Amino acid sequence: MSTFPQPFISTCSHWQATNKGPSSLYLINKDTPLPKEADIVIVGGGMMGCALAYFLTRPGGEGEGKKVVLLEAKDIASGATGRNGGHVGPATYKSFHGLQAPLPTGAGVSRDEAARIIQAERDNLEIISEIIEKEGIAETVDFWRGHLCETHSVKDKLQKRKEMYEDWLSARRDLGLKGNGDTSFIADADEAIKVSRHQGIASCHLRPAGSVHSHKLCTALATLALASTTSDFSIHSWTPISSFSQTPSSSSFLSEKFKPKTWTIKTSKGEIVAGRLVLATNAHTKNFFPESEAIQSHIRPRLAQCALITPPPSYSGAQSLKHTYNMTGGYYLVQSRLSGGIILGGGWDDLVRDGRAKDEERETVNDSQVGEEWTKLLADYCKTNFVNWGEEGYGEGLTRVWTGILTSVKDYLPLVGEVPSSPGLFVSAGFEGHGMSRIFSCARALSQTLQTGSWDDSLLPRSFEITAERLERVQEAERKAEREGLEEVMISAVGEDGEERIRVYAKKKLDGSVGVVGGAEKGEKGETMGRASKSMLGKKEEEKGGWGCLIC
Ligand SMILES: Cc1cc2nc3c(=O)[nH]c(=O)nc-3n(C[C@H](O)[C@H](O)[C@H](O)COP(=O)(O)OP(=O)(O)OC[C@H]3O[C@@H](n4cnc5c(N)ncnc54)[C@H](O)[C@@H]3O)c2cc1C
């Protein structure tokens, strides 16, 4: 069942609010009749759908000489893409270890594959940079490239971090990847505070990253696709699809190659028949599959909130921040190079820990409201945490707040490729809160797969591919956890250092003893004892000791 049309009016993000002029694509072809047929139909006009459209419509691309139609339920970039933090922050050593943690708490991939996944994120940064440079749109899309500053609050974790970092570097060397990924630690607290301007931190880690006006970039890619001289590409906004089915084709339009695999897609504007159908519907992907199919529950929607903070003079002009940030407690920010506005996200972990929010509230596709407590946290963050932030005048400080729907994915990896047992149906979705570091590699690779009919390992890690075996492996890990008496707890669990954010599997222990995760006894696996969110504790259990969990 489709989640569109939506019965509510979504919040408006900073990116949306600053790209509503005549050159944006609001309402494009809203009331124009749909073509009856297309070679390829893409559903979803977020960054994934628009980046794919861009690659398909380049000369020599799979869309050359073909009709490609993009259907979007609302406006271009109206989903997670136009509401995100604008942060392109490839992961490094920390994720390298998280990815190797066994299912169902980690992704369960090998050491080599984890290093490849991290490298694909770095490649993604290069792909965005190349496109932006080639198309001459750096200024238009407010693109900046530099370093992300990851701040650490606990000194005694530094040694452990360095060991993890060295382990990641050695995996890179084993794979023949050159260099250290241009990353480094600042271990001296005073120096870390000086470099980051973030007070009270113990150390920090710097690595390559970028920031971008996500709504403008998505719009620019769609506009470039529309201008293609080699493909017949069109966008229909406000055209939600409700369902699709595979039907024998009598089409004279489609090439012989795709005729037996035709998809009939039902939309609010009638039906369209496509040779191939690509779902770039991220948080909404589950709506197209029955519960009996593993893919249905693999990607789940998850609410997130961001704020625009207008800095006082102390953080404006030449005093602007020199980095993007991933901060303790899951906060992150970028400062726009053009406007100087700071886009700040995160904070959920603090809310849950303090009992001010319940994690189950996040499994929604409703982005029409903001959380009052969440807003307070974001409003206070910069003044509390940045050195000499100073007083905020009227119009400075918290300026705009919005929510958006990202995804939670069972094995933390995007689902890309042809859906098993459904020839001609493709998906590219499930980017968690990290799509800006993955979508461009995925779009380039999927466009190639659509052209060649095969997967190219040099373009995208094999573990991103949707296979029946991958989906089954995840389900079996869940069943095993259940047999061991473990329950999935969708919480933002925090470690002792307040840094880890992960889905955990926990065992309820009413005697106050520690539970187990993934079958491991306390301390045997995972590095940090965490505590589960208060929201998962009934009062009675809390009094008796509640839940224990170990964060892998
Ligand atoms: C608040 C927030 C902050 C974030 N911050 C960052 C960040 O700083 N860095 C980062 O890397 N990532 C971040 N993310 C995640 C990132 O935004 C996403 O991973 C990325 O935008 C996903 O792009 P997408 O195109 O797959 O999905 P979306 O942008 O959600 O696009 C999917 C589109 O599909 C359309 N659709 C769905 N169903 C239908 C249907 N039935 N018919 C027609 N159309 C349909 C939707 O309307 C939507 O436009 C953040 C996300 C949020 C919400």
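Our subject is the structure listed above.
Keep in mind it's a predicted model, so treat the numbers as computed, not measured. (Residues numbered from 1 in each chain as written. Predicted model: local features only at pLDDT ≥ 70, side-chain atom pairs only at ≥ 80, totals over all residues. Heavy atoms only, no water.)

Trainee: Give me the overall build of the protein: which residues, what numbers.
Mentor: For the protein, the count of helices and strands is 13 helices and 21 strands. The buried share among the 552 residues of the protein stands at 59%. For the protein, the proportion of contacts with a sequence separation of at least 24, taken over those separated by at least 6, is 76%. As displayed, the protein has an accessible area near 21900 Å², and 50% of this comes from carbon and sulfur atoms. (Helix = DSSP H or I, 4+ residues; strand = E, 2+ residues; numbered from the N terminus. Buried < 20%, exposed > 50% of the residue type's maximum accessible area, 1.4 Å probe, protein only. Contact = heavy atoms within 4.5 Å. Areas by Shrake-Rupley, 256 points an atom, 1.4 Å probe, with all protein chains shown as cover.)

Trainee: So, the pattern of salt bridges: which residues are in play, and what are the values?
Mentor: The full count for this structure, using the stated rule, is 25 salt bridges. Across the pair R116 and E113 runs a salt bridge, and its minimum N-O distance is 2.7 Å. Placement of both R116 and E113 in helix α4 (residues 111-135) is noted, with a separation of three residues, approximately one turn of the helix. Note on R116: relative accessible area 37%, which makes it partly exposed. The salt bridge involving R207 is made with E150; its shortest N-O contact spans 2.7 Å. With R207 in strand β6 (residues 203-211) and E150 in strand β4 (residues 144-152), this residue pair connects regions lying 57 residues apart in the sequence. (Salt bridge = Lys/Arg side-chain N within 4 Å of Asp/Glu carboxyl O.)

Trainee: Describe the packing of aromatic side chains, with residues and values.
Mentor: With the rule as written, the count across this model stands at 13 aromatic pairs. Aromatic side chains Y54 and F55 sit 5.5 Å apart centroid to centroid with 75 degrees between the ring planes, which places their arrangement in the edge-to-face category. Plain terms: the ring middles of Y315 and F386 are 5.8 Å apart, the flat faces sit at 65 degrees to each other, and that makes the pair edge-to-face. One end of the pair, Y315, is in the loop between β11 (299-310) and β12 (324-327); the other, F386, is in the loop between α10 (372-385) and β15 (397-409), with 71 residues separating them in the sequence. Site record: aromatic cluster; members linked through ring pairs are Y93, Y165, W168 and F185. Just above the ring of Y315 sits the side chain of R197; from NZ or CZ to the centre is 3.8 Å. It is R337 that lies over the ring of W144; its NZ or CZ is 4.4 Å from the centre. (Phe/Tyr/Trp six-rings, centres within 6.5 Å; stacked < 30°, edge-to-face > 60°. Lys NZ or Arg CZ within 6 Å of the ring centre and 35° of its normal.)

Trainee: Describe empty space enclosed by the protein, naming the residues involved and giving the relevant values.
Mentor: On inspection of all chains with the given rule, the structure shows two cavities of 30 Å³ or more. Estimates place the volume of the largest cavity at around 80 Å³. When residues of the lining of the largest cavity are traced back to their parent elements, those giving at least two are α4, α5 (158-174) and β6. Broken down by element, the residue count for the lining of the largest cavity peaks at three residues, all from α4. For the lining of the largest cavity, the per-class residue count stands at five nonpolar, four polar and three charged. (1 Å grid on protein atoms, 1.4 Å probe; cavity = no way out; pocket = protein on both sides within 12 Å on 5 of 7 lines; lining within 4 Å. Points joined across faces, edges and corners; volume = space filled by probe spheres on them. Nonpolar A, V, L, I, M, F, W, Y, C, P; charged D, E, K, R; others polar.)

Trainee: Break down helix α12 (residues 468-483) for me, citing the residues and quoting the values.
Mentor: Between its terminal C-alpha atoms α12 stretches 22 Å, which fits the 22 Å expected from 16 residues at 1.5 Å a residue. Regarding α12, the residues found buried are R470, L471, V474, A477, E478 and A481. For α12, the angular spread of the buried residues around the axis is 125 degrees, confining them to a single face. (Expected span 1.5 Å × (residues − 1). Arc of directions from axis to C-beta.)

Trainee: If you had to explain the site of the ligand to someone new, which residues and values would you point to?
Mentor: Close contacts around the ligand come from 40 residues, with E72, T81, G85, H87 and M436 the closest. One nitrogen or oxygen atom from the main chain of I241 is found 3.0 Å from a nitrogen atom belonging to the ligand. Contact with the protein chains removes 98% of the 1000 Å² of surface that the ligand exposes when unbound. Element by element, the count of residues in the shell around the ligand is highest for β15, at three residues. In the shell around the ligand, the residues fall into 19 nonpolar, 18 polar and three charged. (Near = heavy atom within 4 Å. Polar contact = N/O pair within 3.5 Å; in protein donor to acceptor, adjacent residues only side chain to side chain.)

Trainee: For the pairing of strand β2 (residues 67-71), give the residues involved together with the corresponding values.
Mentor: Side-chain direction in a regular strand flips from residue to residue, so the side chains alternate between the two faces of the sheet. Of all five residues that make up β2, four are buried, and the element is covered over most of its length. Where strand β1 (residues 37-43) lies against β2, four bridges are found, and the strand directions are parallel. Across the sheet, residue I40 finds its bridge partner in β2, namely V68. In this view, the connection linking β1 to its parallel neighbour β2 by way of helix α2 (residues 47-56) has right-handed handedness. Looking at chain direction, β2 and strand β7 (residues 232-236) are connected through five bridges and run parallel. Within the sheet, the bridge partner assigned to K67 lies in β7 and is D232. (Pairing = 2+ DSSP bridges. Right-handed = clockwise from strand over helix to strand, strands pointing away.)

Trainee: Outline the environment of N287, listing residues and values.
Mentor: With respect to the secondary-structure elements, N287 resides in the loop between β10 (270-279) and α8 (294-298). With relative accessibility at 17%, the residue N287 sits in the buried group. Polar contacts involving the side chain of N287 include one to the side chain of T3, which spans 3.1 Å.

Trainee: Requested: an account of unusual backbone geometry, with residues and values cited.
Mentor: Here F4 and P5 are connected by a cis peptide whose omega angle stands at -5 degrees. In this structure, P5 sits in the segment before α1 (14-17). The backbone of N388 sits at a positive phi, close to 50 degrees, despite the residue not being glycine. Despite not being glycine, S421 has its phi angle at roughly 65 degrees, a positive value. Overall, the relative accessible area of 75% leaves S421 in the exposed class.

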